[in-house]
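Structure assessment
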Amino acid sequence: MALSTGELICVDFNRYLKELEKQGRCMFLPFEIQELTLRNIGRFNEKNIDFDTFNIVFGNIGSGRTTLLKSIGCISDSQKLLKSGQRDGEIGLTMTDGRRLHLDICEAGEVKCIVLDDVGERLDQERYGEFLRYLRALDVQVILLRGNMNDELDGLINRTFPDCTFIQLN
Ligand SMILES: Nc1ncnc2c1ncn2[C@@H]1O[C@H](COP(=O)(O)OP(=O)(O)OP(=O)(O)O)[C@@H](O)[C@H]1O
Ligand SMILES: [Mg+2]
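Residues numbered from 1 in each chain as written. Chains lettered and ligands numbered in written order. Predicted model: local features only at pLDDT ≥ 70, side-chain atom pairs only at ≥ 80, totals over all residues. Heavy atoms only, no water.

Let us look at the packing of aromatic side chains. Geometrically, a pair of aromatic rings is defined through the distance of the ring centres and the angle of the planes. Summed over the entire model, instances satisfying the criterion amount to 6 aromatic pairs. Their ring planes at 55° and their centres at 6.2 Å tell us that F13 and Y16 sit as a pair that is tilted. Here F13 pairs with Y16, and both are found in helix α1 (residues 5-22), just 3 residues apart, close to one helical turn. Judged by relative accessible area, Y16 falls into the partly exposed class, the value being 24%. Arranged with centres 5.5 Å apart and planes meeting at 40°, the rings of F13 and Y134 form a pair that is tilted. You can see F13 sitting in helix α1 and its partner Y134 sitting in helix α3 (residues 125-137), a full 121 residues away along the chain. Both residues of the pair, F13 and Y134, belong to the buried class. Each member of the aromatic cluster is reached from another via a ring pair, and the members are F13, Y16, F131 and Y134. Positioned over the ring face of F28 is K18, at 4.9 Å from the centre of the ring. (Phe/Tyr/Trp six-rings, centres within 6.5 Å; stacked < 30°, edge-to-face > 60°. Helix = DSSP H or I, 4+ residues; strand = E, 2+ residues; numbered from the N terminus. Buried < 20%, exposed > 50% of the residue type's maximum accessible area, 1.4 Å probe, protein only. Lys NZ or Arg CZ within 6 Å of the ring centre and 35° of its normal.)

Put into structure tokens, the structure is as follows:
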């Protein structure tokens, strides 16, 4: 049976996201993020970011978008080590000089958040609009990291996501 246009778009974008995941530009997280806190990470000294449901984090070249993706990624990767059937766990490491490293691990589940780094910037306006609508229909938290905005894009995003939160780096 032939797919309808809407279904075809979804199949395409689903594949597109999986491809981006392989390239390290898309992450599927089993939790929603309320706040990200960084201290002396990448170019940031102290950085706190509060997230909403649909978020566009934008900034110039070198503003730290990929640093955010990697920071979230290294925490979320460690969560995959939780023993099955357990609700939480911990990894602690003490160095011979006494310094300690510590990770808290919590139960994961289905995908609740998608983080995308510099994605869709080569799509034309119409396709980008379809992509945003596709993301919205997934009904999960979205954190879209992207280069600087322009008026056209601003308008498109406002029409698709009137409740979108814009977060500017730099
Ligand atoms: N460990 C570090 N210490 C200090 N500065 C760093 C470190 N890692 C990265 N930076 C600086 O932070 C800047 C931002 O890095 P990042 O790649 O996160 O930005 P970006 O917004 O993704 O940039 P791009 O537009 O290239 O994708 C880099 O230009 C680099 O100079
Ligand atoms: Mg980057």
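Spatially, 5 strands are ordered β1-β7-β8-β4-β9 in an open sheet, and the strand pairing comes out mixed. Each edge of the sheet is formed by a strand with only one pairing partner; in this case those strands are β1 (26-29) and β9 (165-168). Going across the sheet, the axis of each strand differs from the next one's by a mean of 15°, ignoring polarity. Bridge count for strand β4 (residues 54-58) against strand β8 (residues 141-146) is 5 bridges, and the pairing is parallel. (Pairing = 2+ DSSP bridges. Axes fitted to C-alpha atoms, helices over the stretch in contact; angles between N-to-C directions.)

Right, let's talk about the site of ligand 1 for a bit. Every residue close to ligand 1 is listed here: G42, R43, N60, I61, G62, S63, G64, R65, T66, T67 and D118. Taken by itself ligand 1 offers 650 Å² of open surface, and the protein chains cover 49% of this. Of the residues belonging to the shell around ligand 1, the class tally is 1 nonpolar, 7 polar and 3 charged. (Near = heavy atom within 4 Å. Areas by Shrake-Rupley, 256 points an atom, 1.4 Å probe, with all protein chains shown as cover. Nonpolar A, V, L, I, M, F, W, Y, C, P; charged D, E, K, R; others polar.)

The next thing to look at is the nonpolar core. With 24 residues, the main nonpolar core has L17, F54, L116, F131, L132 and L135 as its most contacted residues. Elements represented by at least two residues in this core include exactly α1, β4, β7 (113-117), α3, β8 and α4 (151-160). Considering every element that reaches this core, the biggest residue donor is α3, with 5 residues. Among all residues touching F54, those that are not within four sequence positions of it are L132, L135, V142, F161, D163, C164 and T165. (Core = buried A, V, L, I, M, F, W, Y, C linked by side-chain atoms within 4.5 Å. Contact = heavy atoms within 4.5 Å.)

Moving on, we get to the environment of V119. Relative to the elements of secondary structure, V119 occurs in the loop between β7 and α3. By relative accessible area, V119 is classed as buried at 0%. Residues V119 and T160, spaced 41 residues apart in sequence, show a C-alpha to C-alpha distance of 17 Å. Those residues within four positions of V119 in sequence are excluded, and the remaining contacts are Y16, L20, R25, Y128, F131 and L145.

Another point: α4. Within the span of α4, buried status applies to L153, L156, I157 and T160. Viewed along the axis of α4, the buried residues span an arc of 95°, placing them on a single side of the element. In α4, the exposed positions that point more than 90 degrees away from the buried face belong to D151 and R159. Its buried side turned inward, α4 meets β4, α3, β8 and β9. (Arc of directions from axis to C-beta.)

As a further point, take the pattern of salt bridges. According to the stated counting rule, one finds 8 salt bridges in the structure shown. For D12, the salt bridge goes to R127, with nearest N and O atoms at 3.4 Å. Of the two residues, D12 sits in helix α1 while R127 sits in helix α3, which places them 115 residues apart along the sequence. The exposure class of D12 is partly exposed, given its relative accessible area of 31%. Look at R127 and you get partly exposed, because its relative accessible area is 25%. When the shortest N-O distance is used, the salt bridge between D77 and K80 registers 2.9 Å. Among the residues examined, D77 registers a relative accessible area of 44% and is labelled partly exposed. Overlapping salt bridges, with partners in common, bring together D12, R127 and E130 in one network. (Salt bridge = Lys/Arg side-chain N within 4 Å of Asp/Glu carboxyl O.)

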